[in-house]
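A closer look at the structure
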Amino acid sequence: MTGTAIGIDIGATRLKMAHVDAFGTILASAIVPTPQSGAGIEIVDRVAAEVRSFRELAVAKGFHPLGIGLDVPHLVDGPDWVQRWANTMPALEGLALRPLLEDRLGGELAIANDVNAFTIAEHKFGRGQGTDRLVLVAIGTGISIGVVADGEVLEYNWGTAGDTGHIIVDVDGLNECSCGGHGCLETVASGSGIRDELLRAVARGEGTVLAERLGRGETVTSRDVAEAARAGDPLCSRIFERAAFFLGVGLASYFHTYRPEIFVLAGGVVDSSDLLLDPMRDWLPRLASPARLSGFRGIELAAYPEMGAAVGSASLILFPRERATGLPSHEVAS
Ligand SMILES: [Zn+2]
């Protein structure tokens, strides 16, 4: 019998847990709210309690998971896995996660950036199976990519492939980005960018069915913009057309940089793939070098839309030697 492992995706709002076998099959899964209140160490305590309960369910079914792989947003630094740039989970900022988790969970542990974990899952078991070069594009509140090159995940910029949501694409708009730069892909094509495009247009006096809600001070999200676009609202349709165009621009640039055989789309904005995917598929070959496109398999939606990062985290345990070098390697805890 081959081994199994537990994968834990620690998101800002949801904690996703998966018990995974060596073929990428999810034997069991659970999604619970991520503990929010309290100091960082209290959050770690409660996360660890959830993970222990989930592991006990696997053990009760006769499994003996080989270890626990975890992923966190943003960055972990050094051998003690110090959480950095945790702007969506500020209570964890600066915490050395490894000793805390080893104390509470024991056994073999591994950790990765969330987008890299997702990328590993899609490369190992999902849409990128059998490819040497893959780019996963995670489009949510922000945009980030994970890159597999020559079979290995690129982890060079604090464990990431770079600040890839911040390539400059909107050189006419040049709106200020959360990073302080101007015209970044995130300002026009992420979930928050799509919402901000609406707010900017309404501030310029453009009409939309959503104007009344905005006038009442209600929160409007990219999902609302998508719904209005589907219902034929001209402004919201145009915002999505622009987002798809700029994603095409971004993907063409990623394509020229990394030469993937396939792009895999993931993240919350995939809910709007009916508005984005076809135009992106049109734009990419119109923008990218035709000579480079032979052998390119296309743009696909993730095989694990919900649990990809958790499955990839479990893979860190199941296939430890396939990890790229450069990050803290996981070891058997005493
Ligand atoms: Zn930026």
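Structural notes, computed from the coordinates. Computed from a predicted structure; not experimentally measured.

Considerations on the sheet that holds strand 4 (residues 68–72)
An order of 3-2-1-4-7 is seen for the five strands of this open sheet, with the pairing classed as mixed. The sheet terminates laterally at strand 3 (26–33) and strand 7 (109–113), the two strands that pair on one side only. Between one strand and the next, the sheet's axes are offset by a mean angle of 15°, whatever the strand orientation. In this sheet, strand 7 lies alongside strand 4 in parallel orientation, the contact comprising five bridges. Directly across from Leu 70, in strand 7, lies its bridge partner Ile 111. Packed on one face of the sheet, helix 1 (residues 40–60) meets strand 1 (4–10), strand 2 (14–21), strand 3 and strand 4 and runs near 30° to strand 2. Across the sheet, helix 10 (residues 308–318) is in contact with strand 1, strand 2, strand 3, strand 4 and strand 7; its angle to strand 1 comes to roughly 135°.

Topic: helix 10
Across the eleven residues of helix 10, eleven count as buried, placing the element largely inside the fold. Turning to helix 10, its buried residues number three or more, namely Gly 308, Ala 309, Ala 310, Val 311, Gly 312, Ser 313, Ala 314, Ser 315, Leu 316, Ile 317 and Leu 318. Where helix 10 is buried, its residues meet strand 1, strand 2, strand 3, strand 4, strand 7 and helix 3 (114–124).

Notes on the nonpolar core
Val 137, Val 225, Phe 263, Leu 284 and Ile 299 are the most contacted members of the largest nonpolar core, which totals 47 residues. Going through the elements one at a time, strand 8 (134–139), strand 9 (143–149), helix 4 (186–189), helix 5 (191–203), helix 7 (222–230), helix 8 (234–258), strand 11 (262–266) and helix 9 (273–287) are the ones with two or more residues in this core. Of all the elements, helix 8 adds the most residues to this core, at 14 residues. With residues near it in sequence (within four places) discarded, Val 137 still touches Ile 143, Ser 144, Ile 145, Leu 251, Phe 263, Val 264, Leu 265 and Ala 266. Grouped together as the second largest cluster of nonpolar side chains are 29 residues, Phe 118, Leu 134, Ala 138 and Ala 310 included.

Some details on the coordination of the zinc ion
Only His 166 (ND1), Cys 177 (SG), Cys 179 (SG) and Cys 184 (SG) from the protein reach the zinc ion as donors, at distances of 2.0 to 2.3 Å. Each of the four donor atoms around the zinc ion contributes to a set of angles spanning 103 to 118°, which defines the coordination as tetrahedral. Written as a sequence motif, the donor arrangement for the zinc ion is H-x10-C-x1-C-x4-C. Of this pair, His 166 sits in the loop between strand 10 (152–153) and helix 4 while Cys 179 sits in the loop between strand 10 and helix 4, placing them 13 residues apart in sequence. Residue Cys 179 is classed as partly exposed on the basis of its relative accessible area, which comes to 42%.

Digging into the packing of helix 5 against helix 8
Across the interface, helix 5 lies against helix 8 with an axial gap of 10 Å and an inter-helix angle of 135°. In terms of orientation, helix 5 and helix 8 fall into the oblique class. Handedness of the helix 5/helix 8 crossing: right-handed. Packed against helix 5, whose contacting residues are Ile 194, Glu 197, Leu 198 and Ala 201, the element helix 8 presents Leu 235, Cys 236, Ile 239, Phe 240, Arg 242 and Ala 243 at the interface.

Points about empty space enclosed by the protein
One water molecule sets the probe size; rolling that probe over the atoms shows where empty space is left. This model, assessed by the stated rule, comprises two cavities of 30 Å³ or more. Quantified by volume, the largest cavity comes out at close to 80 Å³. Contributing to the lining of the largest cavity are Ile 10, Ile 43, Val 44, Val 47, Val 72, Leu 92, Leu 97 and Leu 101. Those elements that place two or more of their residues in the lining of the largest cavity are helix 1 and helix 2 (97–105). Examining the composition of the lining of the largest cavity, we find that three residues originate from one element, helix 1, more than from any other. Of the residues assigned to the lining of the largest cavity, the class counts are eight nonpolar, no polar and no charged.

Some details on the packing of aromatic side chains
All chains considered together, the criterion is met by six aromatic pairs. Pairing Phe 255 with Phe 263 gives two aromatic rings, centres 6.5 Å apart and planes at 45°, and the pair type is tilted. Using a relative accessible area of 1% as the deciding quantity, one classes Phe 255 as buried. Ring centres of Phe 255 and Phe 296 lie 5.1 Å apart, and the angle between their planes is 75°; on these two criteria the pair is classed as edge-to-face. Here Phe 255 is found in helix 8, whereas its partner Phe 296 is found in the loop between helix 9 and strand 12 (298–301), with 41 residues between them in sequence.

What counts as what
Residues numbered from 1 in each chain as written. Predicted model: local features only at pLDDT ≥ 70, side-chain atom pairs only at ≥ 80, totals over all residues. Heavy atoms only, no water. Pairing = 2+ DSSP bridges. Helix = DSSP H or I, 4+ residues; strand = E, 2+ residues; numbered from the N terminus. Axes fitted to C-alpha atoms, helices over the stretch in contact; angles between N-to-C directions. Contact = heavy atoms within 4.5 Å. Buried < 20%, exposed > 50% of the residue type's maximum accessible area, 1.4 Å probe, protein only. Core = buried A, V, L, I, M, F, W, Y, C linked by side-chain atoms within 4.5 Å. Donors = N, O, S within 2.8 Å, 3.2 Å for Na, K, Ca; no water. Tetrahedral: all angles 85-135°; square planar, octahedral: opposite > 155°, others 65-115°. Parallel < 35°, antiparallel > 145°, perpendicular 65-115°, else oblique. Left-handed = near helix turned anticlockwise from the far one by under 90°. 1 Å grid on protein atoms, 1.4 Å probe; cavity = no way out; pocket = protein on both sides within 12 Å on 5 of 7 lines; lining within 4 Å. Points joined across faces, edges and corners; volume = space filled by probe spheres on them. Nonpolar A, V, L, I, M, F, W, Y, C, P; charged D, E, K, R; others polar. Phe/Tyr/Trp six-rings, centres within 6.5 Å; stacked < 30°, edge-to-face > 60°.

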